[in-house]
Structures are given as structure tokens and as C-alpha cells.
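Coordinate analysis (summary)
Each chain, written out:
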Amino acid sequence: MIDPKKIAIIGGGPGGLTLARLLLQKGIDVKVYERDLNRDVRSQGATLDLHENSGLKAIKAADLLNEFKRAYRPGAEKGRVVDKMGNILFDEHEKGTTEIDFDSPNARPEIDRSDLRSLLLNSLLPDTVVWNSQFVRMTPAGAQWAIEFRNGATVLADVVIGADGGNSKVRPFVTPIQPFYTGITILQGNVENAKMKAPRVHELLQGGKIYVHNAGKYLHISAKGDGSIDFYISIKIDEAWANDSRINFSDSTQVRQWFKTAFAEWGGVWFELFDNADLPILIRPQYSIPLDQTWEAKSNLTLLGDAAHIMAPSGEGVNLAMLDALELSECLTNEHFKDTQTAIAAYETIMRERAAQEAATSFEMIEWMHAEDAQDRIVEFFKGITA
């Protein structure tokens, strides 16, 4: 059905790259247009845990499980629940590291986002990703789309897939429905060479994760394979704060002062993070799709991942994007669909239902993770899954 067609994927994140790999396996003419100048131009964030029924499922379908096993980080999934003073309340490291069964429904292997991206990039043909291709606009050109990029290039494509994240420029061509603010904002930072710059946090991490809940604030810290640590703070705050705040999060003095004021009751161990984080600290208001979003399927255009269903963190983001890619690839190459519009409609129906369920879960998580009893609840949660 799409064998002679040219497929353009806008965005080179895990979802877009997974889709490209799956389509290339079937001999489809596909290009990924990515705004980054090259594959190494920027940091790729923290670690990701892939799930057996979604992210790992896509990895297996892409015939990349062996490569994944060489790249993932055993033990990185282990976490510690720690109180605001740095005291350990629950420690997954106590049970030791066991070999992961990659076919188990409980499999949650961790991999650095940069390593996952490299794994997927290395699986593609050399010219599949077209770098320095920031989407500007597209216009109908007969049955095709003419896509214009900031570098001055214009390309024609028979089918366009928007995989360009929560601020998708492709989404408005599919639906006018806008995401809305969830009530929380995340502040994200990274500390390089953590063993030297943040030794106490580095020791607490033990190569895994830390979870701290106190007085409506949530601190999440992850060790990375390159020796750095990634952290984010989630707080309930007015949407305008991110844009109207008088705090300059590119200024180290103002960053330290804000943290030591906002977290005055917390132990000094956490000051290592804001004293040594790379600047600027990123401010990310969190948005979500309406749970009832719907639209009429197009014949040559669709979305996946955050472009289709942005939501607050629920632990499923990259997994949903990779599962979207798998199911979209299967629909587009399924000979039982009479045309691409029917195939896209089938994909989008399942994708939206799944996304709505997960978005609802993300709102439940927002409430309990910022509740007064969140610390007790997460300890009980970990005790339950390790019992």
C-alpha cells in the first residue's frame, strides 16, 4: 500500500527513529527530518526504562534486542526512597542485582536516552536522517505535501508523520485541539562528573535512582552512564510562573538563592545539585491532551508520541511513542487495509484510546506525588512490588 510512497518523519526522537527502522525493514522509502545540526549537538536527557509490552516490544520487532542488551545499564533501575534530610527510607539495592528476563511482563531495563538514540540511529541507513532540518511549514502539493525547512530546503512527501514532540509544528495540520496546563512545572538540571561535584548525592544514588517527596515537592534523581546525574523537581505552581518569574535560571547566584529559599527545610545534601548544575536550569511547564480528543483521519498525515498525546510524566512517555511507531508501521504496511486513510484511522483509534487511559493515570500520579502523604505512599508502593 505504501511501498512506492515517500514517507517523511518530522522529528528524530525515539519514536520517530523507531518508526524509521521498522519501515526500512519492510523496504519503505523513509526519511527522518531532524532540527539538530548533528547527532552529538546536545545532551539527550536522563535514563529511560523500557517496558516489555511497549518499548521492548518495539525493540524486538526492530530486531535490535541484542544491541539493546549491550547498551542497557543493569542495576540502573534500582531506586532509593529518601527523606528531605537524606535518610534512606527504602532501598531496592538491598536485594542485589538479578539478571533481567527480557520476556517477563515485569521487565524494566534502563538505558540512557543518548544510548537508545545512538542504538536506533546506528540501525538506519546512513542517509535516512537529514540533519539541520527544522520544520517551518508545509503545504498541499496535489496528493503530496511540500515541506519547507529553515535551511531553505523543500521536499515532497506522500505521507508525513509528526514525531516532533509536545510543541509539535505538525499537530495543527491534524487537529486544532490544544493541550492544557496540568498544574505542575518541572525544573530539570544535570551535574557532570557527579563523583567530584556532588559526592554525597553520587554515593546515595549507587548508580540508580532517588525519590524524595516532601510538602508538595517531588525530587527525582537518576545516575547516568557517563558519570553525570540528571535531576528534576516537580512542583504545583501557577502556569505563568515559568514565564513571568523574575528568577534567572541561567544565573548561578539566583539559582542557588531560589533553591535554598524554596527548600529551606531540606538537608544540605541536596544543595550539591543546584550549586553544581549545568546552566541554565530548564523550566518545563507540563501540559496534557484532553482525555476525549478525537479527529477525522487524514489520508497522508498522522502523529505519534508527544506530538499526538503529550501528558505529564507517568513513566510511559518513551514507551508509548515506541509502541505508536510499532503499531503505525504495522498498519501502514498491512495489505488488508484498502488505503492509507483506513490504515491511519485504525492506528489513531487505538493510539488515542491508549493515550487517554495513560493521561488519566498521569493526573492521578500528579495528585498523589504532590500530596502530604506522598512519602509514605511511595514507600508502601515499593514494599508492595518487592514483597
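As a reminder, the structure under discussion sits directly above these lines.
Residues numbered from 1 in each chain as written. Predicted model: local features only at pLDDT ≥ 70, side-chain atom pairs only at ≥ 80, totals over all residues. Heavy atoms only, no water.

Considering the sheet that holds strand 5 (residues 88-91)
- One open sheet holds the seven strands; their spatial order is 5-4-13-14-15-12-16, and the pairing between them is mixed. Whereas interior strands pair on both sides, the edge strands pair on one side only; in this sheet they are strand 5 and strand 16 (282-288). Pairs of neighbouring strands in the sheet enclose a mean axial angle of 20°, with direction left out of account.
- Where strand 4 (residues 79-82) lies against strand 13 (residues 209-214), three bridges are found, and the strand directions are parallel. Within strand 13, the residue paired with Val-81 across the bridge is Tyr-211.
- Most of the contacts of helix 13 (residues 340-369) go to strand 12 (residues 180-191), to which it runs at about 70°, and overall it touches strand 12, strand 13, strand 14 (217-223), strand 15 (229-236) and strand 16. (Pairing = 2+ DSSP bridges. Helix = DSSP H or I, 4+ residues; strand = E, 2+ residues; numbered from the N terminus. Axes fitted to C-alpha atoms, helices over the stretch in contact; angles between N-to-C directions. Contact = heavy atoms within 4.5 Å.)

Focus: the sheet that holds strand 1 (residues 6-10)
- The sheet built from five strands is open, its strands ordered 7-2-1-11-17 with parallel pairing. Edge positions in the open sheet fall to strand 7 (129-130) and strand 17 (301-303), since each of these has one partner strand only.
- Sheet topology places strand 11 (residues 159-162) next to strand 17; three bridges connect them, and they run parallel. By the bridge assignment for strand 17, Val-160 is matched with Leu-301.

Here we look at unusual backbone geometry
- A cis geometry characterises the amide bond from Leu-279 onward to Pro-280, with omega recorded as 5°.
- Structurally, Pro-280 can be placed in the loop between helix 10 (271-276) and strand 16.
- Phi angles above zero are rare outside glycine, and Asp-63 is one such case at about 60°.
- With relative accessibility at 55%, the residue Asp-63 sits in the exposed group.
- Here the phi dihedral of Ala-215 falls at roughly 50°; this positive angle occurs in a residue that is not glycine.
- You can see Ala-215 is positioned in the loop between strand 13 and strand 14.
- For Ala-215, a relative accessible area of 44% corresponds to the partly exposed category. (Buried < 20%, exposed > 50% of the residue type's maximum accessible area, 1.4 Å probe, protein only.)

A short note on the packing of helix 1 (residues 14-25) against helix 12 (residues 317-332)
- For the pair helix 1 and helix 12, the least separation of the axes is 8 Å and the interaxial angle reads 25°. Considering the angle they form, helix 1 stands roughly parallel to helix 12. For the pair helix 1 and helix 12, the sense of crossing is right-handed. Note on element contacts: helix 12 touches helix 1 through Val-318, Ala-321, Met-322, Ala-325, Leu-326, Leu-328 and Ser-329, opposite Pro-14, Gly-15, Thr-18, Leu-19, Leu-22 and Leu-23.
- Tallied by class, the residues present in the contact of helix 1 with helix 12 amount to ten nonpolar, three polar and no charged. (Parallel < 35°, antiparallel > 145°, perpendicular 65-115°, else oblique. Left-handed = near helix turned anticlockwise from the far one by under 90°. Nonpolar A, V, L, I, M, F, W, Y, C, P; charged D, E, K, R; others polar.)

A word on helix 12
- Over its 16 residues, helix 12 runs 23 Å from end to end, which matches the ideal 22 Å to within 8%, given 1.5 Å per residue.
- With 14 of its 16 residues buried, helix 12 lies for the most part within the structure. (Expected span 1.5 Å × (residues − 1).)

What about the side chain of Asn-300?
- Relative to the helices and strands, Asn-300 is located in the loop between strand 16 and strand 17.
- You can call Asn-300 buried: its relative accessible area is 13%.
- Here the side chain of Asn-300 touches Ala-143 through a polar contact of 3.2 Å, landing on its backbone oxygen.
- Within the structure, the side chain of Asn-300 is placed 3.1 Å from the side chain of Trp-145, a separation counted as a polar contact.
- Once you skip the residues sitting within four places of it in the chain, Asn-300 turns out to touch Ala-143, Trp-145, Asp-158, Val-159, Val-160 and Ile-344. (Polar contact = N/O pair within 3.5 Å; in protein donor to acceptor, adjacent residues only side chain to side chain.)

Overview of a negative patch on the surface
- Taken together, the side chains of Glu-372, Asp-373, Asp-376 and Glu-380 make up a negatively charged region of the molecular surface.
- By the secondary structure assignment, Glu-372 is in the loop between helix 13 and helix 14 (374-386). (Patch = residues over 30% accessible without salt bridge, like charges linked within 9 Å, V, L, I, M, F, W, Y side chains within 5 Å. Areas by Shrake-Rupley, 256 points an atom, 1.4 Å probe, with all protein chains shown as cover. Salt bridge = Lys/Arg side-chain N within 4 Å of Asp/Glu carboxyl O. Lys, Arg positive; Asp, Glu negative; His and termini not counted. Charge placed at Lys NZ, Arg CZ, Asp CG, Glu CD.)

As for the packing of aromatic side chains
- The final tally for this structure, using the stated rule, is 22 aromatic pairs.
- Ring centres of Tyr-33 and Phe-149 lie 4.9 Å apart, and the angle between their planes is 25°; on these two criteria the pair is classed as stacked. A residue pair is termed long-range when its members are at least 10 positions apart, and Tyr-33 in strand 2 (residues 29-33) and Phe-149 in strand 9 (residues 144-149) qualify at 116 residues.
- Classification of Phe-149 as buried rests on a relative accessible area of 6%.
- Arranged with centres 5.9 Å apart and planes meeting at 80°, the rings of Trp-145 and Phe-173 form a pair that is edge-to-face. (Phe/Tyr/Trp six-rings, centres within 6.5 Å; stacked < 30°, edge-to-face > 60°.)

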